Amino acid sequence: MVRISAIHAGEVSPGLVRCSGWVKTHRQSKNVSFIELTDGSSVAGVQLVLDPKLSSYASVAGEISTGASITCEGELRASPGKGQKFEIEVSSLSLIGSADQEQYPLQKKGHSLEFLREHLHLRSRSNTIGAVLRVRSELSFAVHEFFRDRGFLYLHSPIISTSDCEGAGEVFRVTTLPIEDPSFSGKGIDYQQDFFGEKAGLTVSGQLQAEAVALSHTNCYTFGPTFRSENSNTTRHLAEFWMIEPEMAFCALEGNIAVAQDFVQYLAKSVLERCHDDIAFLSKRDWVKYDLEELIRHVGESDYEVLDYGEAIAALEGASRSFEFPVQWGMDLQAEHERYLTEEHVKKPVFVVNYPAAIKAFYMRSRDDEPETVSAMDLLVPRLGELIGGSQREERLDRLTARMEEMGLSLEEYSWYLDLRRYGSVPHSGFGLGFERLLMYFTGMQNIRDVIAFPRYPGHAKG
Ligand code: 4AD
Ligand code: MG
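Residues numbered from 1 in each chain as written. Chains lettered and ligands numbered in written order. Predicted model: local features only at pLDDT ≥ 70, side-chain atom pairs only at ≥ 80, totals over all residues. Heavy atoms only, no water.

Asks: Any chance you could explain the pairing of strand β10 (residues 219-227) here in plain terms?
Replies: Successive side chains on a regular strand alternate, one facing one side of the sheet and the next facing the other. With respect to burial, β10 is a largely interior element, eight of its nine residues being buried. Where strand β6 (residues 153-154) and β10 come together, two bridges link them in parallel fashion. Within β10, the residue paired with Y154 across the bridge is Y221. Pairing of β10 with strand β11 (residues 240-249), which is carried by nine bridges, proceeds in the antiparallel orientation. Residue pairing for β11: F227 is matched across the bridge by E240. (Buried < 20%, exposed > 50% of the residue type's maximum accessible area, 1.4 Å probe, protein only. Helix = DSSP H or I, 4+ residues; strand = E, 2+ residues; numbered from the N terminus. Pairing = 2+ DSSP bridges.)

Asks: Where do I start with the site of ligand 1 in this structure?
Replies: With respect to spatial proximity, 25 residues lie near ligand 1, and among them E166, Q207, E230, E245 and E386 are the closest. Between an oxygen atom of ligand 1 and a side-chain N or O atom of R228, the distance comes to 2.8 Å. Here an oxygen atom of ligand 1 and a side-chain polar atom of E386 are 2.6 Å apart. Contributions of two or more residues to the shell around ligand 1 are made by β11, β15 (385-392) and β16 (428-434). A total of five residues in the shell around ligand 1 trace back to one element, the largest contributor, which is β15. For the shell around ligand 1, the per-class residue count stands at nine nonpolar, eight polar and eight charged. (Near = heavy atom within 4 Å. Polar contact = N/O pair within 3.5 Å; in protein donor to acceptor, adjacent residues only side chain to side chain. Nonpolar A, V, L, I, M, F, W, Y, C, P; charged D, E, K, R; others polar.)

Asks: Could you clarify how one ought to interpret a nonpolar patch on the surface in this entry?
Replies: Taken together, I159, I160, F195 and F196 make up a surface patch of nonpolar side chains, about 380 Å² in accessible area. With respect to the helices and strands, the residue F196 is situated in the loop between β8 (173-174) and β9 (200-202). For F196, a relative accessible area of 39% puts it in the partly exposed group. (Patch = residues over 30% accessible without salt bridge, like charges linked within 9 Å, V, L, I, M, F, W, Y side chains within 5 Å. Areas by Shrake-Rupley, 256 points an atom, 1.4 Å probe, with all protein chains shown as cover. Salt bridge = Lys/Arg side-chain N within 4 Å of Asp/Glu carboxyl O.)

Asks: What exactly am I supposed to notice about the packing of helix α12 (residues 397-406) against helix α13 (residues 415-422) here?
Replies: The packing of two helices is summarised by the inter-axis angle and the distance between the axes. Orientation of α12 relative to α13, taken along the N-to-C sense of each, is 155°, at an axis distance of 9 Å. Classified by the angle between their axes, α12 and α13 sit roughly antiparallel to one another. Taking contact as the criterion, the partners of L397, L400, T401 and M404 in α12 are, on α13, Y417, L418, R421 and R422. Partitioned by chemical class, the residues of the contact of α12 with α13 number five nonpolar, one polar and two charged. (Axes fitted to C-alpha atoms, helices over the stretch in contact; angles between N-to-C directions. Parallel < 35°, antiparallel > 145°, perpendicular 65-115°, else oblique. Contact = heavy atoms within 4.5 Å.)

Asks: Teacher, can you tell me more about the sheet that holds strand β2 (residues 33-38) here?
Replies: The sheet built from five strands closes into a barrel, its strands ordered β1-β2-β3-β5-β4 with mixed pairing. The average undirected angle you get between the axes of adjacent strands in this sheet is 55°.

Spelled out as structure tokens, the structure:
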């Protein structure tokens, strides 16, 4: 059996081949019929040429409609027709599974992305989502290659955890308490009686565990699903998203920034190299109103800017336009601010650094010269805003405990984390890159729900 991508890549010699897949279109006429067949390996399908009198075909021709699955055998040859290099002159065909034309939701006309979202189990058959999923798969391998080439240990951080790393109260509870039992009131829950003997949930980040392993293996990274119950129905947030979190010992904020830039540039170059046809296809979608390939090339080649948070606020205050959220020192940057900074102020990806401590998580390192700020960095990119969040970590036990107490965190609950400052503490840094955000950026998709096969967001967890 040959894959259709191998035919397009010229890896299959002309001659007898066997091919299986799903029908995109079926055009019948008196003398010759055509089927466009896809198998998910490339955007372009392969054209099957059929003699209507061929008995294995004639007996099932009425059932060969969009969505049906078939296997065929025939002669692969150069195509005289326009639009394709190769075609298969079919000598035998079997219908494997029909798809009732009256019922099959994805008839051959184009479908809106909203419509496709209502049919998650079928939408990977659409050209657009099909291409996005191939890019996603290729980029996943590129992520691992980047870190492997640099000697980072790949860490599987736990999915279930008792610590809310970001402290934003967005943890999904994991429990075996009898919540469906009518006699279970839920009042005065004793978590000691729960499965883990304390309050546990789905992880919002693998960072704290990555810090532990960076303090034994120097450099490590996680790449896995993370969960946040933030009820934000935006085009940039999911309840379940994949994050890549490198953590580096003996590394300060500058080193962290350098790795983050190298990483994004590496991925930009990889996607252009390995997913050329898919990116070319995606760049022609109606909603991509700019040169997508040029944008990715720019990200892969330009040096990113570094802007102090204070400078960023000054730039926003000096902007000739107004913002919905008023600008003042101490505020968290909103999407509109982020986009102004990267798209209009510096016109390229920009690291905003040294944020006010008050708007950042407990683990970020206090800056000695400006203690109201922390050694944090966010990477903002055009058309998207925040792609990466990271920081140097507070490695000094006294500073860290003081900060945690100030924020009302239980030192006892985090005592394992504090041990890392008690035994062989070193300066260390890391960041988190939201994989779906990166995919939006590189595929030109406008809604984060369209860059993951089965998106999870408020009201949606089916299938
Ligand atoms: O800025 P965040 O919250 O940082 C952390 O979680 C740190 N523990 C990372 C670290 O230093 N190791 O999240 C990091 C990135 C964001 O920049 C964004 O790209 C993505 O994760 N992200 C989301 N992506 C999709 N849906 C959501 N709800 C997201 N929340 C964050
Ligand atoms: Mg962030």
